[in-house]
Amino acid sequence: MKHKTRFWKTLFPIAAVLIMVCSLAFAQEAPAAPQEIPVTEINVNGFVLMYQHLLPETVTSENHETLPNAYQFYLTMRKGELTVPLFSLDVMDDSGDMAVVLKDEQGNYVPVSIFLAAAPQDLTQNEQEQFTVAQETARDILMTLKLVTVPENPETTDPKPVVVETEKYTLSYPARYADTLLTREEADGSLVFFIRDGEKEITSFTLVPDSDQGNIVVMLKDEAEAKHPAAIVVAAMPEDLSPQAQAAFLDSQGAIGEVMNSLALK
């Protein structure tokens, strides 16, 4: 009888320990509760939009400083020392790199575009990869974007592009750059695209006629089907720009594609 009592006294503590171990193991293997994806509401010149996506901590956004129908997203790098434009979301515009037409509960249809910014040329390979990954946020936002409210009298006409004529070429670029991207024709026929930082003119890129030396080269045909090269030379961003000019500089280089696509000989 004494042996039986000793047996049970020994077994109970062992069983208790086993139960505790099993409970801890189960708790560790139990799946974590899924993270709730926040819903973000933005107001773009009276158009209230909503998207559901968790932005990385390095991505911020705000209403565009000069374009009332645009909402700008930025990427912060180098421990907060560098902030560059990632992309903008433009309402009442379907000419961007990505576009969608939204409909609200009242049956209003509104086009919305995403314009992707050009990556700064002085980024390291790791920073380039970080920029590319962060820019994919644009597609995720556009896929979940919903139209909540439309202003009473929205602007429904598409803004006309900026048209530029030189001695040799005609070209155009989107109206969203009209106030920030300016041009100057040089004596040699080159067309300089620049922004302003206070009183200073900062070259963003240059169109060089009859040249195949540049970051981008296109071949244009005249009426006789003869081919003529034209090159775009992309400038590097100066280090002494103000934060506003840095954003405008990087944003302005997003017009290069439209300039090249619209370029034609006179």
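Data block above holds the structure.
Asks: Where do I start with the sheet that holds strand E4 (residues 70–77) in this structure?
Replies: Whenever strands of a sheet pair, they do so through backbone hydrogen bonds, lying parallel or antiparallel. Read from one edge of the open sheet, 5 strands run E3-E4-E5-E7-E6, paired in antiparallel fashion. On the outer flanks of this sheet lie strand E3 (59–63) and strand E6 (98–103), each paired with one strand and no other. Geometrically, the sheet is characterised by an average inter-axis angle of 25° between neighbouring strands, direction not taken into account. The pairing of E3 with E4 spans 5 bridges and is classified as antiparallel. Looking at E4, one finds that Thr60 is bridged to Tyr74. Contacts from helix H2 (residues 125–135) reach E3, E4, strand E5 (82–91) and strand E7 (109–116) within the one sheet, and its direction differs from that of E5 by about 25°. Here helix H3 (residues 137–144) sits on the sheet in contact with E4, E5, E6 and E7, set at roughly 20° to E6.

Asks: Please explain the side chain of Asp197 as it appears in this structure.
Replies: When you line up the elements, Asp197 lands in strand E12 (residues 191–197). With no salt bridge to any partner, buried Asp197 finds its closest opposite charge in Lys200, at an N-O distance of 4.5 Å. Beyond its immediate chain neighbours, meaning those up to four positions away, Asp197 contacts Ile202, Asp240, Leu241, Ser242 and Ala245.

Asks: What is the right way to look at helix H4 (residues 243–252) in this model?
Replies: Within H4, 7 of the 10 residues are buried, leaving the element largely enclosed by the surrounding structure. Taken together, the buried positions of H4 are occupied by Ala245, Gln246, Ala247, Phe249, Leu250, Asp251 and Ser252. In the core, the buried residues of H4 are packed alongside E4, E5, E12, strand E13 (200–209) and helix H5 (256–262).

Asks: Honestly, the sheet that holds E13 in this entry has me stumped. Any pointers?
Replies: The 5 strands are arranged E11-E12-E13-E15-E14 in an open sheet whose pairing can be described as antiparallel. In this open sheet, the two edge strands, each paired with only one partner strand, are strand E11 (182–185) and strand E14 (216–221). Across the sheet, the axes of successive neighbouring strands diverge by a mean angle of 25°, strand direction being ignored. Sheet topology places E13 next to strand E15 (residues 227–234); 5 bridges connect them, and they run antiparallel.

Asks: What is the right way to look at the layout of surface pockets in this model?
Replies: Over the atoms, a rolled probe matching the size of one water molecule traces out where space is still vacant. Approximately 360 Å³ is the volume found for the largest pocket. As for the largest pocket, its lining consists of 21 residues, and the residues nearest its centre are Asp93, Ser95, Phe115, Pro174 and Glu258. Those elements giving two or more residues to the lining of the largest pocket turn out to be E7 and H5. Looking at the lining of the largest pocket, the element that brings in the most residues is H5, giving 3 residues.

Asks: How should I be thinking about unusual backbone geometry in this particular structure?
Replies: Leaving glycine aside, a negative phi is the common case for residues, and trans is the common case for peptide bonds. At Arg78, a position not held by glycine, the phi torsion is positive, near 55°. Although it is not a glycine, Glu225 adopts a positive phi angle of roughly 70°. Relative to the helices and strands, Glu225 is located in the loop between E14 and E15.

Asks: What is the right way to read the pattern of salt bridges from this model?
Replies: When the charged atoms of two side chains with opposite charge come close together, those side chains can pair. The full count for this structure, using the stated rule, is 10 salt bridges. Asp90 is paired through a salt bridge with Arg176; the nearest N and O atoms lie 3.0 Å apart. Of this pair, Asp90 sits in strand E5 while Arg176 sits in the loop between strand E10 (169–173) and E11; the two residues are 86 residues apart in sequence, bridging distant segments of the chain. Residue Asp90 is classed as buried on the basis of its relative accessible area, which comes to 5%. The class for Arg176 is buried, based on a relative accessible area of 7%. Note that Arg176 is salt-bridged to Asp251, the shortest N-O span being 3.7 Å. Placement of the pair is Arg176 in the loop between E10 and E11 and Asp251 in helix H4, with a sequence separation of 75 residues. Across this residue pair, the class does not change: Arg176 and Asp251 are buried. Salt bridges linked by common partners bring Arg184, Glu186, Arg196 and Glu201 together as one network.

About the thresholds
Residues numbered from 1 in each chain as written. Predicted model: local features only at pLDDT ≥ 70, side-chain atom pairs only at ≥ 80, totals over all residues. Heavy atoms only, no water. Pairing = 2+ DSSP bridges. Helix = DSSP H or I, 4+ residues; strand = E, 2+ residues; numbered from the N terminus. Axes fitted to C-alpha atoms, helices over the stretch in contact; angles between N-to-C directions. Contact = heavy atoms within 4.5 Å. Buried < 20%, exposed > 50% of the residue type's maximum accessible area, 1.4 Å probe, protein only. Lys, Arg positive; Asp, Glu negative; His and termini not counted. Salt bridge = Lys/Arg side-chain N within 4 Å of Asp/Glu carboxyl O. 1 Å grid on protein atoms, 1.4 Å probe; cavity = no way out; pocket = protein on both sides within 12 Å on 5 of 7 lines; lining within 4 Å. Points joined across faces, edges and corners; volume = space filled by probe spheres on them.

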